[in-house]
Amino acid sequence: RDMIGRRKKRCPLQHILGRQEFMGMEFMVNRHVLIPRQDTEILVEEALKLVKPGMHILDICTGSGCILLSLLKKCTELTNGKGKTDRCVVGTGTDISEEALAVAVKNAERLGVRADFIQSDLFGQVEERFDMILSNPPYIPTKVINELQDEVRLYDPYIALDGKEDGLHFYREIIHDSINYMKKDGYLMFEIGCEQGEAVTSLLKNAGYKDICVKKDLAGLDRIAAGRYNGE
């Protein structure tokens, strides 16, 4: 009865149960993290096409850790399937929220995945360079948030939704600073809103990224924007 009452108040089922499936794995979720969406799986799938053994990957705004941990878990499965025991890639996740990072750490333990997590406002506490930088940053324009479903508007963390005035604030910040943390020929990959492909690819181009592309989700909507930095 308590669970039905919470659902009647539009509390997401994932918060009631405390879990959500993503990439075939079960992730712990609560009010401190964005509930993983199936659309975000496209980002992991595209990253898997590019990862190579020994890569160091950074996941900015990691939240529950679903992107980074799924990628690391899948890479481990692929290498073990070929008779190898060393990890394919290593990963670091950052988030401004200490509570979100606590969830990510628990998910890493549950999945048996090794990853480092750092409390950081974007690149604020990051010191290394990476072969791949991934992010599903807040990208909802502030004025649109009140129009979202109650399950999202009332229960997902506001800081995980708010992309400021035009929804592009964090793309600008990450793209501008990323070249200082990217190895030569490294990849920068984002989840984007369905109407943000042109704007984000323009930001990547202006920052010196090459091989820029936009990938669509299963509904045929723009979902991923990516580029490669050649260090020039």
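Here the structure is a predicted model, which is why all the values come from computation and not from measurement. (Residues numbered from 1 in each chain as written. Predicted model: local features only at pLDDT ≥ 70, side-chain atom pairs only at ≥ 80, totals over all residues. Heavy atoms only, no water.)

1. Quick look at the packing of aromatic side chains
Part 1 of the reasoning: For the structure shown, the criterion picks out four aromatic pairs.
Part 2 of the reasoning: Arranged with centres 5.1 Å apart and planes meeting at 80°, the rings of Tyr-171 and Phe-190 form a pair that is edge-to-face. Taken as a pair, Tyr-171 in helix α7 (residues 169–178) and Phe-190 in strand β7 (residues 182–191) lie far apart in primary sequence, 19 residues in all. (Phe/Tyr/Trp six-rings, centres within 6.5 Å; stacked < 30°, edge-to-face > 60°. Helix = DSSP H or I, 4+ residues; strand = E, 2+ residues; numbered from the N terminus.)

2. Some details on the pairing of strand β2 (residues 25–28)
Part 1 of the reasoning: Across four bridges, strand β1 (residues 19–22) lies against β2 in antiparallel orientation. Note that in β2 the partner of Glu-21 across the bridge is Glu-26.
Part 2 of the reasoning: The antiparallel hairpin formed by β1 and β2 contains two residues in its connecting segment, where Met-23 sits at a positive phi of about 55°. (Pairing = 2+ DSSP bridges.)

3. A few points about helix α5 (residues 98–111)
Part 1 of the reasoning: Its 14 residues place the ends of α5 20 Å apart at the C-alpha level, agreeing with the 20 Å of an ideal helix rising 1.5 Å per residue.
Part 2 of the reasoning: For α5, the set of buried residues is Ala-100, Leu-101, Val-103, Ala-104, Asn-107, Ala-108 and Leu-111. Projected down its long axis, α5 carries its buried residues within an arc of 155°, all on one side. Of the residues in α5, the exposed ones pointing more than 90 degrees away from the buried face are Glu-98 and Glu-109.
Part 3 of the reasoning: Gly-112, located one to two residues past α5, shows a positive phi value of around 70°. (Expected span 1.5 Å × (residues − 1). Buried < 20%, exposed > 50% of the residue type's maximum accessible area, 1.4 Å probe, protein only. Arc of directions from axis to C-beta.)

This is a description of form; function is not addressed.
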